[in-house]
Amino acid sequence: MRSDRLARWMAALVIFLLVVAPLFSGGVGLIVNWLWFSHEGYRILYTTPLKAQVALSGYFGIGFMVIVALNLLIARSLARRSGFQVYSREIEFPALDRVSALFRGFVWFGVLLVGYFVGEWATGHWMEYLLATHPVTMRQSDPLFGINLGFYLFRLPFIWFIYHFLLAVVIVSALAAAFLYFIEGGVTVTPRGVFMGRQPRAHLMALGGLFFLLMAWRARLAMYGLLYSTRGLIYGAAYTDVHATLPVLKILLVLCIITALAFFAGAWTGRVRAALLSIGALIVVGVLGGAVYPALVQTYIVTPNELAKETPYIARAISFTRKAYALDRFQERNFPDVSDLTPTVIAQNQATVNNIRLWDHRPLLTTFQQLQEIRTYYDFVRVDNDRYRINSDYRQVSLSVREMNSSALPDPNWVNEHLIYTHGFGLCMGPVNEATPDGMPDLFIENIPPVSNVPIKITRPEIYYGELSNDYCIVKTSAQEFDYPSGYENVYNTYQGSGGVGIGGFWRRLLFTLRFGQINILLSSYIQPSSRIMIYRRVLNRVSRLAPFLTFDSHPYIVVAKDGSLYWIVDGYTTSSQYPYSDPTQLADGSLNYIRNAVKATVNAYSGQVRFYVSDPTDPLIQAYARIFHGVFRPLSEMPDGLHAHIRYPMDFFSVQAQKYAVFHMTDPQVFYSKEDLWRVARQNTGGQMEPMEPYYTIMKLPGASDKEEFVLMLPFVPARKNNMIAWMAARCDEPNYGKVLVFTFSKDKLIYGPEQIESRIDQKPEISQQLTLWNQSGSRVVRGTLLVIPVGNSVLYVEPLYLAAATGGALPELKRVIVAYSDHVVMEPSLDTALSQIFGGATSTEAASSASSASPPVKGAILRVPPPGMQSLIQQANQYYQQALDDLRQGNWSGYGDQIQKLGKVLNQLQAK
């Protein structure tokens, strides 16, 4: 009686500690999230996962406890019939009754404890459960079993979970029952050893039979696992997997079923010999067939004839990988024969030249932080690139948001951090290619409040939701919010929007006090009935909490809408690691072998309102999510025009695709096998080290694809073991061609310099290297910007900006020089116009428009005036002598200076004669 009471008390304690206490502590978070999801209009994104988690926890957690408990009750009943026997005589152990009662309590405690954790484990598979119950049929089947790919993406992960659950149930049931038999009875001690009674043995053998039935199921699932094999040259089932491992798995499946039947028969008859023989056969087949036989096939059949044997499987891997990463949608074209670039061609591509990015993100961010933060508590986090129509010109601009950094407040008390200094203010916007005479960025929008010298106006500059991980803030309180500084005074304001959850009532205040552990929320007299609390204010955190089943791009970017409001656009991805034959990609947070940019999310920087738009309706995963979360995802056509005009191809997605395309552009299995056309992303000089280039946005006219400039994301490729450029890839961002990716390949019989080779030529240019060395030794340092590859017409320009900054703290980078390379020419000049003029022998003007030819209309921008025939080489010589004379003058080389001036004079006389 006492032992039963002890067991009940222990069970009650377990239930309280594992169920009641967590519900109380976690219940606060549940209610807060319920209020937040409801306010955001996405209650279904909260209730659907919660219902699935509760169902899984109940079904699997309680199911585990019931099944194990049932086995324990059976074991206890059978143990009492047997007792402990020595030489067929039952022995009473009075002390063992007290010990067994204690052990029995621990057994039940363990069952409840493990059952709770099983329930917790099951809740983590809620998304797999929802996908398995809302599958989408795909248009393709796997080539090995002929099963639709939807089975692998939607159902197979949850089937594996069910298998592991049942395996855990059988193993724990067997161990718990065996332990109970040990402490309760059913054990016979003889001179030959310790044996169990027939009924307990039958019970455990029945559980053994179930175990081997699960092993048979495991062999069947392992056959599907061959589609993800890493044994061969490629990812997925190769020759050895299909012709060696697959037959062995079929044999193992049959043997497991036979072994299970032998165990069931042994439970009925009491004989175990057949079961033991079956286990021995399983071990032999498992060792020989699972390791030895496939190794022999691989060594003596595949390796000597590898290409012939693996060709069909290589073809499968190429095809499935290209589909999984959407590489099959790419259009590959031959880049036209690289012809001589002329002033006429430059004039015809004026918008491309006018939008070459001279302001790199890192130095520009530093400049914004030094000049435009205004106060120490403001911070610029990132510089984004976008395009806007400004005075009928299509311009590429750089933008950066001025956010509030509450950790940098001069007096960081609770009222200041959460009630007064609640938001950032405005942004900076400037063209990517313009600078002031002293090397600072020329800005379209600057200062506080925002001052704009272009038609783009900001009517709602407050930034309540951004990229900084600020804590919660409370608005509409009696304490006015700091808006922006104005001279020696501050301007204050009160929030007018609908963002945030209502917090005016006592119970709401108590709830959020418990949620954030801050008593001031409950006691503060500043909080009024109309007050609202804003939580999850970091943009990526906000969208990830709403849609945790999506993966979001690490580069959210700001957009100025037509009405002057500010919005963040975040690209969302549907991903999977279950696509057969597709080569996986390793990321910081795991691996994937299927990805689609299926979602565009927008976040209002003032109200925090989130909207999800489907950008790839053909994606089966987003189709399934739309079924599960009805009404959450909207068609992309419903996105407001002012935002739709600024969607762009995401960088993270593009980078993953570029990495795969460098290998899987080889569609011929024989070429793929020999890796004779393997590519890699080009590298550039970054901080003195060669690193892979990052994709970059630019405005350009795609050769043979468009007759007007468009916003694209591009990246150059080089051969894997060489540095010359072999191709470049461009993703189109403007409608109606959004999402189309073009790959332009160069002819293999003509050398096109790659970025690394251009970097080397820059370093080897004496006048450039000497100047850089001089600047680096005079208390300053040279910051080399990103080397951009800019296709212009049928030719390629290389442009690299140079910045000069102080070597000590507080450096303010200035755009000092622009290096331009074309063909065999490498020049460094104060501006892009001057550099182009020196290479092509003309004069440039960024202020006026002129005609490049009689057939070409006037175009505004950096136009080259075409010199008469025969004068271009003389003009180039004159420029070279003049620049060398200036360099000699700076270095104090007077004799060299005189020589260069004399040479310059001779050339000028020749020009005058012409």
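Residues numbered from 1 in each chain as written. Predicted model: local features only at pLDDT ≥ 70, side-chain atom pairs only at ≥ 80, totals over all residues. Heavy atoms only, no water.

**Regarding the overall build of the protein chain**
Here is step 1 of the chain: Check the secondary structure of the protein chain and you find 25 helices and 42 strands.
Here is step 2 of the chain: The proportion of buried residues among the 914 residues of the protein chain is 53%.
Here is step 3 of the chain: Across the protein chain, every contact between residues at least 6 apart in sequence was considered, and the portion connecting residues at least 24 apart equals 67%.
Here is step 4 of the chain: When the accessible surface of the protein chain is totalled, it reaches about 40,600 Å², and 56% of it is carbon and sulfur. (Helix = DSSP H or I, 4+ residues; strand = E, 2+ residues; numbered from the N terminus. Buried < 20%, exposed > 50% of the residue type's maximum accessible area, 1.4 Å probe, protein only. Contact = heavy atoms within 4.5 Å. Areas by Shrake-Rupley, 256 points an atom, 1.4 Å probe, with all protein chains shown as cover.)

**Quick notes on the sheet that holds strand S17 (residues 501-502)**
Each strand in a sheet pairs with another by means of backbone hydrogen bonds, the pair being arranged parallel or else antiparallel.
Here is step 1 of the chain: Taken in spatial order, the three strands make up an open sheet running S14-S18-S17, and their pairing is antiparallel. The open sheet has two edge strands, strand S14 (473-475) and S17, and neither has a second partner. (Pairing = 2+ DSSP bridges.)

**Structural notes on the pairing of strand S33 (residues 741-745)**
Strand residues, when the strand is regular, have side chains that alternate between the two faces of the sheet.
Here is step 1 of the chain: Within S33, five of the five residues are buried, which leaves it mostly tucked inside the rest of the structure.
Here is step 2 of the chain: Here S33 shows two buried faces, one formed by Val741, Val743 and Thr745 and the other by Leu742 and Phe744.
Here is step 3 of the chain: The pairing of strand S32 (residues 727-732) with S33 spans five bridges and is antiparallel. In the sheet register, Ala727 faces S33, and the bridge partner there is Thr745.

**What to know about a nonpolar patch on the surface**
Here is step 1 of the chain: On the surface, Ile283, Val284, Val287, Leu288, Val292, Leu296, Tyr300 and Ile301 cluster together to form a nonpolar patch covering roughly 740 Å² of accessible area.
Here is step 2 of the chain: Checked against the element boundaries, Val292 lands in helix H8 (residues 273-302). (Patch = residues over 30% accessible without salt bridge, like charges linked within 9 Å, V, L, I, M, F, W, Y side chains within 5 Å. Salt bridge = Lys/Arg side-chain N within 4 Å of Asp/Glu carboxyl O.)

**Points about the environment of Gly426**
Here is step 1 of the chain: Along the polypeptide, Gly426 turns up in the loop between strand S9 (424-425) and strand S10 (427-431).
Here is step 2 of the chain: C-alpha of Gly426 to C-alpha of Ile463: the two residues are 37 residues apart in sequence and 7.1 Å apart in space.
Here is step 3 of the chain: Contact partners of Gly426, with chain neighbours within four places excluded, come to Val401, Arg402, Pro450, Pro461 and Ile463.

**Observations concerning the side chain of Thr321**
Here is step 1 of the chain: Secondary-structure assignment places Thr321 in helix H9 (residues 306-324).
Here is step 2 of the chain: Judged by its relative accessible area of 0%, Thr321 is buried.
Here is step 3 of the chain: Only 2.7 Å separates the side chain of Thr321 from the backbone oxygen of Ala317, close enough to count as a polar contact.
Here is step 4 of the chain: Not counting chain neighbours up to four residues away, the residues in contact with Thr321 comprise Tyr581, Ser582, Asp583 and Phe664. (Polar contact = N/O pair within 3.5 Å; in protein donor to acceptor, adjacent residues only side chain to side chain.)

**Quick notes on the pattern of salt bridges**
Here is step 1 of the chain: Considering all chains together, one arrives at 21 salt bridges under this definition.
Here is step 2 of the chain: Residue Arg395 is joined to Glu434 by a salt bridge in which the shortest nitrogen-to-oxygen separation is 2.9 Å. You can see Arg395 sitting in strand S8 (residues 393-404) and its partner Glu434 sitting in the loop between S10 and strand S11 (445-446), a full 39 residues away along the chain.
Here is step 3 of the chain: Residue classification places Glu434 among the partly exposed residues on the basis of a relative accessible area of 27%.

**Some thoughts on the nonpolar core**
Among soluble globular proteins, nonpolar side chains are generally buried collectively.
Here is step 1 of the chain: With 262 residues, the main nonpolar core has Leu427, Met429, Phe549, Phe612, Tyr625, Phe633 and Val820 as its most contacted residues.
Here is step 2 of the chain: Those residues in contact with Leu427 that sit more than four places away from it in its chain are Leu399, Ser400, Val401, Arg402, Ile445, Glu446, Ile458, Ile558, Val560 and Leu566.
Here is step 3 of the chain: Tyr465, Val475, Tyr495 and Met534 belong to the second-largest nonpolar core, a separate cluster that totals seven residues. (Core = buried A, V, L, I, M, F, W, Y, C linked by side-chain atoms within 4.5 Å.)

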